[in-house]
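# Topology and contacts: notes
Residues per chain, in single letters:
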Amino acid sequence: MSLVVEHLSKKFGDKVAVEDLSFEIPKPGIFAFLGTNGAGKSTSIRMILGMLARDTGTVTWDGKPFDVMNEKVGYLAEERGLYPKYNILEQMYYFASLKGMSKKEATPAIDSLFSRLRIEEYKKMKAEQLSKGNQQKVQLAAALLCDPDIIILDEPLSGLDPVNADIFKSIIRQERDAGKYIIMSSHQMETIEEFCEDLVLLHHGQVVMSGNLNEIKKSRGRENLTIKADKPIGEIAEKCGLTLVEETPNGSSFKVKSEADAENMLKAMVENGIGVIKYDLREPSLHELFVEKCGGEVNED
Amino acid sequence: MKTKGWREVFAFTFTQQIKTKSFIIGTIVITLIAALIAATANILPAFFIDSKVSESGSGEDTFSIKTLYLSNETDYAFDLTAAMEKIGVTVSALSSDEAEKKIAELADTSEKAMLSRVFVEKDVLSVESKYAGGEKSEVNKGDCEAVSQLLATQLHAQFLVLSGLPEDKLVTAMAGVRATISCAGEEPEGFVTTMIKSIVPMLSAIVLFIFIFSYSQLVAQAIAIEKSSRIVEYLLTSIRPLALIIGKVLAMCCVSLMQFVIIGMGGGLGFLLSMPFGIFTKMDKIAEAAGGAAALTGSQLEAQNVLDEIGNAFSGVDASAILVMIVTFILGFLLYAGLAGVAGASVSKMEDLAPAIQPLSIVGVLGFYLAYFPQVAGEENSLSVIARYVPISSPFVLPSDYMLGKISLVETLIAIVVLAVFDILVVMLVAKVYEHIILHTGNRLKLGDMLKMSK
């Protein structure tokens, strides 16, 4: 089974929200859906889920048109919410009934999810009585209630403290290991690197990077060099063709055009009797790729 | 299917709404008020008649007259024993001479008695009564007046029969002549009927407007809460927008109808429970005590006539009238709640809801006044006809107009069909608009924006 998104486009008036978005999730796992604020991620997700009409494009699941009403889909929206005045358990039963589950079917699922998320004691409370983090946990439980095949998590970890973030990560891992197809959007690049193999990066509604993260990194080569030395190295670095990015107490960071330039730099330092405390040549991080592709400008709408 | 899941939305919305404190407390308080008003409306007239009669004497246990000394100084063989026994008074016949002596005795006695002389003076049948006086006397003047009034009615009735009037004509003779005046081509009606036909439609329009409009606003509020709390985005992974709004509107419609029925039942129950002390039972008791409807006194007859007129005015209240009320209530609710749903969906923040509802409020108030003003005017006019067929006002007019017989069943059905067709058009428009604006966030959408987005 695979989820295939092809040529999705959407305009609001004259403004292009999403243009020709295509990607495929061919096997279970976590797919990263990235972009700056206002890049079109939420619009794309809404189009995939059929909440928003597409101008062009198709979404297929297992070769057939994807209809969220006929599939088991879990969705944790970026703008989360619960009925503030209603009892949590009653809300969960309501969500379960909308997914076609009886109360009898829903009860063990709710118990299990609330136990995994450590929120059993909040079942009888009203949503407005819960902290933001606990409300977020209830919403994740609601998203996973029907044991979905496809899970869409829009910024699942935003606003969570480290303890709750770890609980969320653990649940996401469990779902991944259970063979679910997960689309995750996040601005926390470390989290994406930790979980995702494949990604798509949107900027101003257009795909600016997509594919397997490791392959993208490999294709770029090791271009980041960090050196900490016991003497100044600025002059040598310039002679070797290195571009200084920043200097910190932990060392100087350079961009190198090729790994050969980095090796020349090391040789030059040794030849000049400079003591090397730290020498780290590595691939670009996702954060760096993101900033590079999306530039310094972001769209705050 | 676009409406799949509406039942779940309906069940959840209905259950949650009837569990709210505002609904429970509001329903209990208004039902109690309705019961109290109905009971008061039943008891109060009886109280006035009762106090009149009690003062004038028909309270049984506290009645201060036990003996009536009767001196019949006419040629007619009046028999008042049976009528007086019914109110616990024993009749003791006296000659005119004995009567003179008795009057002297009654001037200072503890005896619970009164004396009545019946005579004809200048062709007028008269009764002159004296009640026991003095320091020891416990006789109440009011009781004496009641016995005297009953005596006069009985004497009048028996005089007519003794003069040759057949007994089956007695009620007619005693009721006097009822005079009415009306315009040619119109049915004559009494003052009470005229009042009922003016007041009931006005009250009905006000009550229906309050119910339909306030619950429509709750629909808008519920939808705005779903939007402002962002829960709607989650819901739309399980259900289409159309099903969401259908479930919500129908649930609120049922909640309001249920509250309407509960309050109505409260009023009915208040009326039933007050029956032993109410005007109808009182009138029956008075008639029974007086020896039949023919024996009612003038004020009692007036009261009976008022009750008869009320009964006649509401004679059109049958199953069809109740059905018309329920159907127009539902259709009216669908119309206003559908529009309110769009108003609710046009905002992303609760604080924007009031201005979003404002245009709907204007439409609702226009509809209400279109329904209300012709009723105030009282007479049938072109505005009252228009009000029945214009969908924004017809839900407030049709039930009372049909109930009071102002329009025929056929006219009512035509007006209902017009309203239903308009409802369908509105629901189709609402469904289209709602689907396109439900995920909108940001500033409140104006009508033009909504229509543009729905193209």
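Residues numbered from 1 in each chain as written. Chains lettered and ligands numbered in written order. Predicted model: local features only at pLDDT ≥ 70, side-chain atom pairs only at ≥ 80, totals over all residues. Heavy atoms only, no water.

Right, let's talk about the nonpolar core for a bit. Phe23, Met92 and Phe95 of chain A together with Leu235 of chain B are the most contacted members of the largest nonpolar core, which totals 163 residues. Ignoring any residue separated from it by four or fewer positions in sequence, one finds leucine 235 of chain B in contact with Tyr83, Tyr94, Phe95 and Leu98 of chain A together with Glu226 and Leu244 of chain B. (Core = buried A, V, L, I, M, F, W, Y, C linked by side-chain atoms within 4.5 Å. Buried < 20%, exposed > 50% of the residue type's maximum accessible area, 1.4 Å probe, protein only. Contact = heavy atoms within 4.5 Å.)

Another aspect to go through is the environment of alanine 340 of chain B. Residues and elements named next belong to chain B. As for its placement among the helices and strands, alanine 340 is situated in helix α12 (residues 319-345). Look at alanine 340 and you get buried, because its relative accessible area is 0%. When the C-alpha positions of alanine 340 and threonine 237 are compared, they lie 24 Å apart, and in sequence the two are 103 residues distant. Among all residues touching alanine 340, those that are not within four sequence positions of it are Ser216, Ala220 and Leu360. (Helix = DSSP H or I, 4+ residues; strand = E, 2+ residues; numbered from the N terminus.)

The next subject is the domain arrangement of chain B. Per the domain assignment, the segments making up chain B are domain 1 (6-45 + 195-453) and domain 2 (67-175). Inter-centroid distance (C-alpha atoms) of domain 1 of chain B to domain 2 of chain B is 56 Å. (Domains from an automatic or database assignment.)

Counted under the stated rule, the structure contains 27 salt bridges over all chains. Lysine 102 of chain B is the salt-bridge partner of glutamate 111 of chain B, the closest N and O atoms lying 4.0 Å from each other. A relative accessible area of 26% places glutamate 111 of chain B in the partly exposed class. In this structure lysine 102 of chain B comes out as buried when scored by relative accessible area, which is 14%. If you follow the salt bridges from partner to partner, you end up with Arg116, Asp147, Glu175 and Lys180 of chain A in one network. (Salt bridge = Lys/Arg side-chain N within 4 Å of Asp/Glu carboxyl O.)

Attention now moves to the interface of chain A and chain B. Each partner contributes to the interface: chain A provides 25 residues, whereas chain B provides 22 residues. In this assembly, chain A packs against chain B so that about 2,500 Å² is buried in total across both faces, 58% of it on carbon and sulfur atoms. Our count for the chain A to chain B interface comes out at three salt bridges. The closest approach of N and O atoms between lysine 19 of chain B and glutamate 90 of chain A, which form a salt bridge, is 2.6 Å. Viewed at the interface, chain B and chain A are joined by ten residue pairs in polar contact (both at pLDDT 80 or more). When contributions to the side of chain A that touches chain B are tallied by element, the ones reaching two or more residues are α2 (88-98) and α4 (132-144) of chain A. If one sorts the elements of the side of chain A that touches chain B by residue count, α2 of chain A sits on top with six residues. The class makeup of the residues in the side of chain A that touches chain B is 15 nonpolar, four polar and six charged. (Buried area = accessible area lost by both parts, 1.4 Å probe. Polar contact = N/O pair within 3.5 Å; in protein donor to acceptor, adjacent residues only side chain to side chain. Nonpolar A, V, L, I, M, F, W, Y, C, P; charged D, E, K, R; others polar.)

A few words on unusual backbone geometry. All names here are of chain A. Although it is not a glycine, aspartate 20 adopts a positive phi angle of roughly 50°. Note on placement: aspartate 20 falls in strand β2 (residues 15-25). Classification of aspartate 20 as partly exposed rests on a relative accessible area of 42%. Notably, glutamate 155 is not glycine yet its phi reads approximately 50°, a positive angle. Structurally, glutamate 155 is set in the loop between β7 (150-154) and α5 (162-177).

Residue and element names in this part refer to chain B. An order of β2-β1-β3-β4 is seen for the four strands of this open sheet, with the pairing classed as mixed. Unpaired on one side and paired on the other, β2 (90-93) and β4 (124-131) mark the two borders of the sheet. Neighbour to neighbour, the strand axes of the sheet diverge by 25° on average, direction disregarded. In this structure, strand β1 (residues 67-72) lies alongside β2, joined through four bridges in parallel fashion. Opposite threonine 67, over in β2, you have threonine 90 as the bridge partner. Against the sheet, helix α4 (residues 96-106) makes contact with β1, β2, β3 (113-121) and β4, and its axis sits at roughly 140° relative to β3, the strand it touches most. Lying over the sheet, helix α5 (residues 141-162) contacts β1, β3 and β4, oriented at roughly 155° with respect to β4. (Pairing = 2+ DSSP bridges. Axes fitted to C-alpha atoms, helices over the stretch in contact; angles between N-to-C directions.)

Attention now goes to helix α10 (residues 286-294) of chain A. For the α-helix, the turn length of 3.6 residues means that residues three or four positions removed from each other point alike. All names here are of chain A. For α10, the full list of buried residues reads Leu286, Leu289, Phe290 and Cys294. All buried residues of α10 fall inside an arc of 110° around its axis, so they share one side. Tucked inside the fold, the buried residues of α10 contact β3 (29-35), α6 (189-195), β9 (198-203), β10 (206-212) and α7 (213-220). Count one or two residues on from α10 and you reach glycine 295, which has phi positive near 70°. (Arc of directions from axis to C-beta.)

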